[in-house]
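So you can see what is in the structure, the chains are spelled out below.
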Amino acid sequence: MNIFLTGASGLVGAVFARAAARRGHRVTGVVGTYAGELDGVAAKRTVDLTDEAATSAAVLDAFPDAIVNCAAVSVPEQCELDPARAQVLNVALPQTLARLAHHVSARFIHLSSEQVFDGTRMTPYQAGDATSPINLYARQKVESERAVHAAAPEFATTVRAPLLMGDSPGGKRSLHERLLADWAAGRTPRLYTDEFRQPCTADNLAEVMVELCERRDLRGVMHWAGTELISRHALGVRLRERFKLTEEQAPITAVTRAETPDAARKRQACLALDISPLAGKLKTRPQNVAEQVEGLKVPPPVRDWYLGLAKC
Ligand SMILES: NC(=O)c1ccc[n+]([C@@H]2O[C@H](COP(=O)([O-])OP(=O)(O)OC[C@H]3O[C@@H](n4cnc5c(N)ncnc54)[C@H](OP(=O)(O)O)[C@@H]3O)[C@@H](O)[C@H]2O)c1
C-alpha cells in the first residue's frame, strides 16, 4: 500500500512510518522543519501544511492508497499561544486531507484526543458519548472530527488517543524525555496526584493505525489507549524506576489540582476511555504500564548526564 503520512517527524508519525514499512507498505513522509533521517520513510517531502495548495499538490503527486494525518499543533499550551496557526493545522488541514482522500478514494486515518471530554467522571468514556471540550486544543479536535467525517464518511477513521509515551525523533517530546530533561537540568517537576490518564505508547498506537489502514471496514470515531488508569505522579515514579534513578537524582513534587488555580478550568481530572469496541476487532493488543515503560530509551539530549550518574 502507498501511504501518504503527514507529521512523519513527530512522536507518532515517526514510529508509524517504521511500523508501516515493516508491514511492507511504502511511506511518503511529510515533515515541516525536521532535517534528519527517518527510518521507514521511502520518500521524504518538506511541505508547509498550512499551505493548502502545496498540501493538495503533494497528495495528488503521491496518489496514495491511504492518507495518515499525524501533523498537528499537539500541545494545548501552544494552541493558546497561536490559535490561528493551530486552527489551520488542527482543523483546516485534516478537512483538506479528508476531501483529498475522498477525491482519490484513499483510506484516511486521523488522530484526535481523549481531551474531547471534560474529564469530570471516573468511568470510561464511550466513543459515542457527547463531547465536552474545555480548552482550545480540545475544541479544535472536536471540530476536526466533524469536518473529517463530513468530508469523507466512507473513507475516514479517527482514533482518539490518550497521553502518549515513546521515543521521539528529537528526544524532547514525550513525558519521559521531558522528565529526564528536567532532572538533568536540576529542576524538580511538579506532577498531579489527582489527575488520571490511561496512557499508551506511540508504537502501540502506530500498530493500530497500520491495521486500520488495511481495514477499510473500520470507519468512524474510535478510542485507543492502554489498559491502566494512572495518576501523572504515579506515572512519573514508574518512569523514575524504569531508569533506575533515586529520589535524590530524580526528585518529583507531588501536587494536587486544588493547588493550581487554572487546573479545573483547563485540565481534565480523569480521562478514561472504553477501548473494547476497537480492541475486539484488531490483532494489536493494548499494553499495561509496565509493558509501556520497559522499552523506553534515554534520549540523546540527556545521555551524557545519564551515563555520568552511573559513574558516580
Ligand atoms: N503526544 C500526545 O500525547 C498525543 C495524545 C493524544 C493525541 N495526540 C495527537 O496525535 C497526533 C500526533 O501527535 P504527536 O505528539 O506525534 O505530534 P508532534 O510530535 O508534536 O509532531 C507534530 C508534527 O506535525 C508537523 N508539523 C507541524 N506544523 C507543520 C507544518 N506547518 N507543516 C508541516 N508539518 C508540520 C511536525 O513537523 P516538523 O517537526 O518537521 O516541523 C511534526 O512532524 C496529533 O494529532 C496529536 O494531537 C497526541
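Computed from a predicted model, the values in this text were never measured in an experiment.

1. Comments concerning the pairing of strand β2 (residues 26-31)
- Judged by how many residues are buried, β2 sits mostly within the fold: 5 of 6 residues are covered.
- Pairing geometry for strand β1 (residues 2-6) and β2, over 5 bridges, is parallel. Each residue of the ladder has a partner; that of Ile3, found in β2, is Val27.
- Of the crossover connections in this fold, the one passing from β1 over helix α1 (residues 11-22) to the parallel β2 is right-handed.

2. A few points about the environment of Thr193
- Checked against the element boundaries, Thr193 lands in the loop between β8 (190-192) and β9 (196-197).
- A C-alpha to C-alpha distance of 6.2 Å links Thr193 and Ala254, two positions 61 residues apart in sequence.
- Aside from chain neighbours lying at most four places away, what touches Thr193 is Ser231, His233, Ala254 and Thr256.

3. Here we look at the packing of helix α2 (residues 52-62) against helix α4 (residues 83-104)
- For the pair α2 and α4, interaxial distance at closest approach is 11 Å and the crossing angle is 35°. Note that α2 runs across α4; the crossing there is right-handed. Every residue of α4 that contacts α2 at Glu52, Thr55, Ser56 and Val59 is listed here: Leu93, Thr96 and Leu100.
- Residue composition of the contact of α2 with α4, grouped by class: 3 nonpolar, 3 polar and 1 charged.

4. A short note on the sheet that holds strand β11 (residues 220-223)
- Read from one edge to the other, the open sheet built from 7 strands follows the order β3-β2-β1-β4-β5-β6-β11, with strand pairing classed as parallel. Taken across any chain shown, the strands that pair with only one partner, and hence form the sheet edges, are β3 (41-46) and β11. If you compare each strand with its neighbour and ignore which way they point, the axes differ by 20° on average.
- Where strand β6 (residues 156-161) meets β11, 4 bridges bridge the pair, whose relative direction is parallel. Of the residues in β11, the one forming a bridge with Thr158 is Val221.
- The strands touched by α2 are β1, β2, β3 and β4 (66-69); relative to β1, the strand with the most contacts, the crossing angle is about 160°.

5. Focus on α2
- Among all positions in α2, only Thr55, Val59 and Ala62 are buried. Along the axis of α2, the buried positions cluster into a sector of 70°, meaning they face one direction only. Facing away from the buried side of α2 by more than 90 degrees, the exposed set consists of Ala53, Ala57 and Asp61.
- Note on α2: the residue one or two positions beyond its end, Phe63, has a positive phi of about 40°.

The rules we used
- Residues numbered from 1 in each chain as written.
- Predicted model: local features only at pLDDT ≥ 70, side-chain atom pairs only at ≥ 80, totals over all residues.
- Buried ≥ 20, exposed ≤ 12 C-beta atoms within 10 Å, placed from the backbone.
- Helix = DSSP H or I, 4+ residues; strand = E, 2+ residues; numbered from the N terminus.
- Pairing = 2+ DSSP bridges.
- Right-handed = clockwise from strand over helix to strand, strands pointing away.
- Contact = placed C-beta atoms within 7 Å.
- Axes fitted to C-alpha atoms, helices over the stretch in contact; angles between N-to-C directions.
- Left-handed = near helix turned anticlockwise from the far one by under 90°.
- Nonpolar A, V, L, I, M, F, W, Y, C, P; charged D, E, K, R; others polar.
- Arc of directions from axis to C-beta.

Read these as spatial facts, not as claims about activity.
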